[in-house]
Amino acid sequence: MSRDMDSKNTFTYEDVEMIANHILEKVKCRPKLGIICGSGLGKLVDLVEDKEVLPYQEIPGFPVSTVPGHEGKLVFGQLRGKSVVLMQGRAHCYEGYTPQKITLPVRTMKMMGITTLFVTNAAGGVNKKYNIGDIMIIKDHVNLAGFAGVNPLVGVNDEKFGPRFPAMSNAYDLGLRQLALAKAKEIGFSDFVREGVYSMMVGPNFETVTECKILSLLLVDATGMSTIPEVLVAKHCGMRVFGMSLITNVVISEYDSPAHANHQEVLETGERRSKDLQQLVAAIVADLDL
Ligand SMILES: O=P(O)(O)O[C@H]1O[C@H](CO)[C@@H](O)[C@H]1O
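Note that the coordinates shown come from a computational prediction; the quantities given were computed from them, not determined experimentally.

### Let's talk about the overall build of the protein
When helices and strands are tallied, the protein shows 9 helices and 9 strands. The C-alpha atoms of the protein give a radius of gyration of 18 Å, which matches the 19 Å a tight globule of 290 residues would have. As displayed, the protein has an accessible area near 12,400 Å², and 52% of this comes from carbon and sulfur atoms. Within the protein, the 33 negative side-chain charges are centred at a point lying 4 Å from the centre of the 30 positive side-chain charges.

### Considering the pattern of salt bridges
Opposite charge on two side chains allows them to pair when their charged atoms are near. Within the structure shown, the criterion is met by 12 salt bridges. R177 is the partner of E195 in a salt bridge, and the nearest nitrogen-oxygen pair spans 2.7 Å. Of this pair, E195 sits in strand 7 (residues 193-200) while R177 sits in helix 5 (residues 174-186), and the two are 18 residues apart along the sequence. Note on R177: relative accessible area 14%, which makes it buried. Residue D289 is joined to R240 by a salt bridge in which the shortest nitrogen-to-oxygen separation is 3.6 Å. In this pair, D289 is assigned in the segment after helix 9 (274-286) and R240 in strand 9 (residues 240-250), connecting sequence segments 49 residues apart. Judged by relative accessible area, D289 falls into the exposed class, the value being 56%. We classify R240 as partly exposed; its relative accessible area is 21%. Taken together, the salt bridges that share partners define one network made up of E14, D158 and K160.

### Focus on the site of the ligand
The immediate surroundings of the ligand are formed by 13 residues, with S39, H92, Y94, S226 and H263 found nearest. Contact between the ligand and A122: an oxygen atom at 2.8 Å from a main-chain N or O atom of the residue. When the free accessible area of the ligand is taken as 350 Å², the share hidden by the protein chains comes to 96%. Secondary structure elements with two or more residues in the shell around the ligand: strand 5 (116-125) and helix 8 (263-272).

### Regarding the packing of helix 1 (residues 13-26) against helix 3 (residues 104-111)
Packing of helix 1 against helix 3 brings their axes to within 9 Å, and their N-to-C directions diverge by 70°. Between helix 1 and helix 3, the crossing angle belongs to the class labelled roughly perpendicular. Crossing of helix 1 against helix 3: the hand is right-handed. Listed contacts from helix 3 to Y13, V16, E17, I19, A20 and I23 of helix 1 are L104, R107, T108 and M111. Its residues assigned to classes, the contact of helix 1 with helix 3 comprises 7 nonpolar, 1 polar and 2 charged.

### Focus: the pairing of strand 1 (residues 33-37)
Among the 5 residues of strand 1, 5 are classified as buried, and the element is accordingly described as predominantly covered. Side-chain alternation along strand 1 places L33, I35 and C37 on one buried face and G34 and I36 on a second face that is also buried. One ladder, built from 5 bridges, connects strand 1 with strand 4 (residues 82-88); its direction is parallel. Counted as the bridge partner of L33 is V84 from strand 4. Of the strand pairs in this sheet, strand 1 and strand 5 are connected by 4 bridges, and their pairing is parallel. Within strand 5, the position partnered with L33 by the bridge is T116.

### As for the packing of aromatic side chains
This model, assessed by the stated rule, comprises 4 aromatic pairs. Between F189 and F192 the ring centres are 4.8 Å apart and the planes differ by 40°, which places this aromatic pair in the tilted class. Stacked on the ring of F192, the Lys or Arg R273 has its end atom at 4.4 Å from the ring centre.

### Side note on the side chain of R273
Take R273: it is sitting in the loop between helix 8 and helix 9. A relative accessible area of 16% means that R273 is categorised as buried. Not counting residues within four places of it along the chain, the set of residues in contact with R273 comprises G133, F192 and L246.

### Quick word on the environment of F76
Looking at the secondary structure, you find F76 in strand 3 (residues 73-79). The sequence separation of F76 and L153 amounts to 77 residues, and the corresponding C-alpha distance is 27 Å. Contact partners of F76, with chain neighbours within four places excluded, come to I23, V27, C29, P31, V48, D50, K51, E52, V84, V85 and M112.

### Re helix 7 (residues 228-236)
Summarising burial for helix 7: 8 of the 9 residues are buried, a large majority. The set of residues buried in helix 7 consists of I228, P229, E230, V231, L232, V233, A234 and H236. Following helix 7 by one or two positions, G238 adopts a phi angle in the positive range, close to 85°.

Rules of the game
- Residues numbered from 1 in each chain as written.
- Predicted model: local features only at pLDDT ≥ 70, side-chain atom pairs only at ≥ 80, totals over all residues.
- Heavy atoms only, no water.
- Helix = DSSP H or I, 4+ residues; strand = E, 2+ residues; numbered from the N terminus.
- Rg over C-alpha atoms; globule rule 2.2 N^0.38 Å.
- Areas by Shrake-Rupley, 256 points an atom, 1.4 Å probe, with all protein chains shown as cover.
- Lys, Arg positive; Asp, Glu negative; His and termini not counted.
- Charge placed at Lys NZ, Arg CZ, Asp CG, Glu CD.
- Salt bridge = Lys/Arg side-chain N within 4 Å of Asp/Glu carboxyl O.
- Buried < 20%, exposed > 50% of the residue type's maximum accessible area, 1.4 Å probe, protein only.
- Near = heavy atom within 4 Å.
- Polar contact = N/O pair within 3.5 Å; in protein donor to acceptor, adjacent residues only side chain to side chain.
- Axes fitted to C-alpha atoms, helices over the stretch in contact; angles between N-to-C directions.
- Parallel < 35°, antiparallel > 145°, perpendicular 65-115°, else oblique.
- Left-handed = near helix turned anticlockwise from the far one by under 90°.
- Contact = heavy atoms within 4.5 Å.
- Nonpolar A, V, L, I, M, F, W, Y, C, P; charged D, E, K, R; others polar.
- Pairing = 2+ DSSP bridges.
- Phe/Tyr/Trp six-rings, centres within 6.5 Å; stacked < 30°, edge-to-face > 60°.
- Lys NZ or Arg CZ within 6 Å of the ring centre and 35° of its normal.

See below:
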């Protein structure tokens, strides 16, 4: 397929179909479950057996992540007896990509037959009760980037993907959230697994103190720089969505505090909690109906 796809910022239905077929010609696996791994969470691929790996560079049009902690590979294989594809790393708008480009992999997964999407991310804890290392099951989001016009669904709408005005009141599937909470309890994780609201600002800077105070007033529990565009596109094309944030740091909400957020802390927390996250994802996937 032509590498012209790489310079595109928006993709037609036919473009996405071509990219999906290109991938399916290269791998034997035919998954129904897709998992996007957030910053420092790429070790989730350790759960996968019979791996088939495709670097994003080899997939026409796919944005290549430039951020440490995002490998940039599509990993197919078996996870607890189910065929899956993991995105080991994602691209973000702050890297200079359009919202349509960073969500191309989601539409491509849909076209490859994925019906359920798990999104994971590293996030800063806004809720004062949250501790570093907690896992937050996402029950809803506040699309702050969307308030500023950053939304992958802006533009001409092709009904073959989904409706012009998709509902978002049920973005994070209730059944999957209940399954995740039940599994967390079963494996003894209830003390550090919570349910809450995620928000996204474009980044790449971390939030100011006043911004953190505003997030709290907006009922946000954890904040990051990703995920929401992927969820919007996944829901638009009819996928079932489940989301989890690892609280890698707590946001700074006191003026004149000497502390500051940094990506190294984000990656270190991801590393420290990777086994727990793997255990929870494995337990959920084991009982998932696909
Ligand atoms: O959302 P993910 O990709 O997990 O990454 C989060 O971690 C990075 C900041 O440390 C930002 O990219 C933020 O979005």
